[in-house]
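# Close look at the chain arrangement
The primary structure of each chain is shown beneath.
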Amino acid sequence: MTASGIDERAQALFDEIAHDPQFVTQVAQRIRKEIPSYGLLTLEQVLGVGADWSRITLGSVAFNEHFTASGRQRAHQGVPASEMMIAYRIFHQEMRRRARERSGGSPEEHEALLEFMELSAAYVDAVTLATSEGHRSAELAMMRRAYHDRATVIRQALFGGSASTDLRILLEALSVDLSRPFHAIRARPHEDTNIPQLEQILVSSGSSAHRCGLVAEIDGDVCGFVSALPYSRPEVLVAHSKPVPLMELPSAFQVASRALGTGLAMGRRSGFVDLGDVALRATIMSDHEVGETLDGRLVEPLLKLGQAGRSILATVQCYLDNDGRLDATAKELWVHANTVRYRLARYQEQTGVSLRTTEGAAEVWWALTRRRLTDGDAAFTAPDEGADAAAE
């Protein structure tokens, strides 16, 4: 390695030490002894990354390319960036120690030693920057690849298509604990949700040696399977199935997806939900033929009346929400009880259905709940007392 502006004696001393095979080997052996990840590499692997580095001009394009590639190679070898920095620190220490051993006591040699120290420090700084950049780029590439591989395995588990043996091999390779059944899960992130953090929370119940499951972002949702649900309440809505064997996850995921869709339609935005929590409403959302039939008979005739009809529907909805209590309905709507009676009577006139019967009330509740789930809470406008006359 050469650098401009460096004393020739310092440069010569640097080149002499750097080209000494015995010295380089001794440094590599110390690195392997003191740094765990390097201890897993062979001596040849440790030496191979730095081959011919001393012949490259410090700060040149070739220098940066060489050490950027070295950083990528160390990342692929499993060497953490922090331990890579420690290795260069050891190299710097050994270079200074050897330089002191070889320098004499004359003022000229003392000055050359100081120049040498500057040269060695400049080398370590430049190498650290280049290798860090290479290491980081390799880490990101490996993370993207690992995430893609993980998402692929999750898709196979949740959507089927893999034999049991093949899927188990893939999951074991990812350190997933297969000794317990799994909950299929599907979560809907908010716009500001930290996806990696959410994924970590969902699989946080596993031991350090094995994962309790796998999750990844698939089609905008965080999907996967876990053997145990997190203890803390999530900030997004997480739907889950009951625990099932591995090969039953496809049907369990459909159940979780159905629970999520229903929970979101009900306005829920956080916490856990399963199909048991929303069973009746999930049925309402899925049974389209019954829903359309009831809607055409019990909702559409009132909507044709305009604002007056929507006010009647809102009153009926409030009446059913209050379990048929007239006074509670009037209080919530800020109207007189007689106004509520009038609107309920008008509803019966338009539809021919009495809210006093269990069957009639159930059918109306089904129709209005379906509208609320599909159109939101604003399915009907708030009652307008002035619209009552228009309904005559």
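## Here we look at the side chain of Asp-221
Within the fold, Asp-221 resides in strand E3 (residues 221-226). A relative accessible area of 2% means that Asp-221 is categorised as buried. There is a polar contact of 2.4 Å between the side chain of Asp-221 and the side chain of Arg-188. Residues within four places of Asp-221 in sequence aside, it is in contact with Arg-186, Ala-187, Arg-188, Pro-189, Ala-216 and Leu-260.

## Quick word on the pattern of salt bridges
The tally for this structure, following the rule as stated, stands at 15 salt bridges. Arg-97 is the partner of Glu-101 in a salt bridge, and the nearest nitrogen-oxygen pair spans 2.6 Å. Taken together, the positions of Glu-101 and Arg-97, both in helix H6 (residues 81-102) and 4 residues apart, correspond to about one turn of that helix. Here Arg-371 makes a salt bridge to Glu-300, at a shortest N to O gap of 2.7 Å. Taken as a pair, Arg-371 in helix H17 (residues 358-375) and Glu-300 in helix H13 (residues 300-303) lie far apart in primary sequence, 71 residues in all. Arg-371 sits in the buried class, given a relative accessible area of 16%. Take Glu-300: its relative accessible area is 29%, and that puts it in the partly exposed class.

## Digging into the pairing of strand E2 (residues 213-218)
Burial analysis of E2 places 5 of its 6 residues in the buried class, the great majority of the element. Strand direction decides the pairing type here: E2 and E3, joined by 6 bridges, are antiparallel. Residue pairing in the sheet places Val-215 in a bridge with Gly-224 of E3. Turn length for the E2-E3 hairpin, with the two strands adjacent in sequence and antiparallel, is 2 residues, and the turn residue Asp-219 shows positive phi of about 55°.

## A look at the packing of aromatic side chains
Tallied over the full model, the rule gives 8 aromatic pairs. With centroids separated by 5.5 Å and ring planes inclined at 80°, the aromatic side chains of Phe-159 and Phe-253 adopt a geometry described as edge-to-face. Of the two residues, Phe-159 sits in helix H7 (residues 107-159) while Phe-253 sits in helix H10 (residues 249-265), which places them 94 residues apart along the sequence. Classification of Phe-159 as partly exposed rests on a relative accessible area of 46%. Taking relative accessible area as the criterion, Phe-253 reaches 4% and is therefore assigned buried. Grouping aromatic residues by their ring pairs yields a cluster made of Phe-14, Phe-63, Phe-67, Phe-91, Phe-116 and Tyr-123.

## Quick word on the nonpolar core
Core analysis: the largest hydrophobic core is formed by 34 residues, its most contacted members being Tyr-38, Phe-116 and Tyr-123. Those elements that place two or more of their residues in this core are helix H1 (8-18), helix H2 (21-34), helix H4 (43-49), helix H5 (61-76), H6 and H7. Of the residues forming this core, the biggest block, 9 residues, is contributed by H7. The residues contacting Tyr-38, other than those within four sequence positions of it, are Ile-31, Arg-32, Val-46, Arg-74, Val-79, Glu-83, Met-84 and Ala-87. Counting 27 residues, the second-largest nonpolar core is a separate cluster that includes Ile-312, Cys-318, Tyr-319 and Leu-344.

## Brief notes about the sheet that holds E3
Pairing within the open sheet is mixed, and its 5 strands lie in the order E2-E3-E1-E4-E5. A strand with exactly one partner marks an edge of an open sheet, and here the two such strands are E2 and strand E5 (271-273). Strand-to-strand, the axes of this sheet are offset by a mean angle of 20°, without reference to chain direction. Contacts between H10 and the sheet are confined to strand E1 (183-188), E3, strand E4 (237-240) and E5, with E1 contributing the most and set at about 35° to the helix.

## Observations concerning the packing of helix H14 (residues 307-321) against helix H16 (residues 337-351)
Each pair of packed helices can be described by the angle between their axes along with the distance between the axes. Running from N to C, H14 and H16 cross one another at 105°; their axes reach a closest spacing of 9 Å. Considering the angle they form, H14 stands roughly perpendicular to H16. Only Val-340, Arg-343, Leu-344, Arg-346 and Tyr-347 of H16 make contact with H14, whose side of the interface consists of Ser-311, Ile-312, Leu-313, Thr-315, Val-316 and Tyr-319. Its residues assigned to classes, the contact of H14 with H16 shows 7 nonpolar, 2 polar and 2 charged.

Parameters and conventions
- Sequence positions are assigned chain by chain, starting from 1 and proceeding in written order.
- Only residues with pLDDT of at least 70 get local features here, since the model is predicted, and only at 80 or more are side-chain atom pairs given and counted; chain-wide, interface and lining totals rely on the full set of residues.
- Excluding hydrogens and water, the side-chain figures rest on all heavy atoms present in the structure.
- Strands here are runs of E lasting at least two residues and helices are runs of H or I lasting at least four, both read from the DSSP assignment and numbered beginning at the N terminus.
- Only protein chains enter the accessibility calculation, which uses a 1.4 Å probe. A residue is then buried if its area is under 20% of the maximum for its type, exposed if over 50%, and partly exposed in between.
- Whenever a nitrogen or oxygen atom comes within 3.5 Å of another N or O atom, the pair is scored as a polar contact, on the condition that within protein one atom can donate a hydrogen and the other can accept it, and that pairs from neighbouring residues in sequence are kept only if both atoms are in side chains.
- Residue contacts are counted whenever heavy atoms from the two residues lie within 4.5 Å of one another.
- Definition used for salt bridges: Asp or Glu carboxyl oxygen within 4 Å of a side-chain nitrogen of Lys or Arg.
- DSSP calls a pair of strands paired once it identifies at least 2 bridges connecting them.
- Two rings belonging to Phe, Tyr or Trp (six-membered ring only in the last case) form a pair when the distance between their centres is within 6.5 Å. Interplanar angles under 30 degrees mark stacking, angles over 60 mark edge-to-face geometry, and anything in between is tilted.
- To define a nonpolar core, start from buried Ala, Val, Leu, Ile, Met, Phe, Trp, Tyr and Cys residues and group those joined through side-chain atoms within 4.5 Å.
- For helices, the fitted line uses only the C-alpha atoms of the stretch in contact; every axis is such a line through C-alpha atoms, and the angle between N-to-C directions lies from 0 to 180 degrees.
- With respect to orientation, any angle under 35 degrees is reported as roughly parallel, any angle over 145 as roughly antiparallel, any angle of 65 to 115 as roughly perpendicular, and every other angle as oblique.
- Ten residue types, Ala, Val, Leu, Ile, Met, Phe, Trp, Tyr, Cys and Pro, are classed as nonpolar, four, Asp, Glu, Lys and Arg, as charged, and the remainder, Gly among them, as polar.

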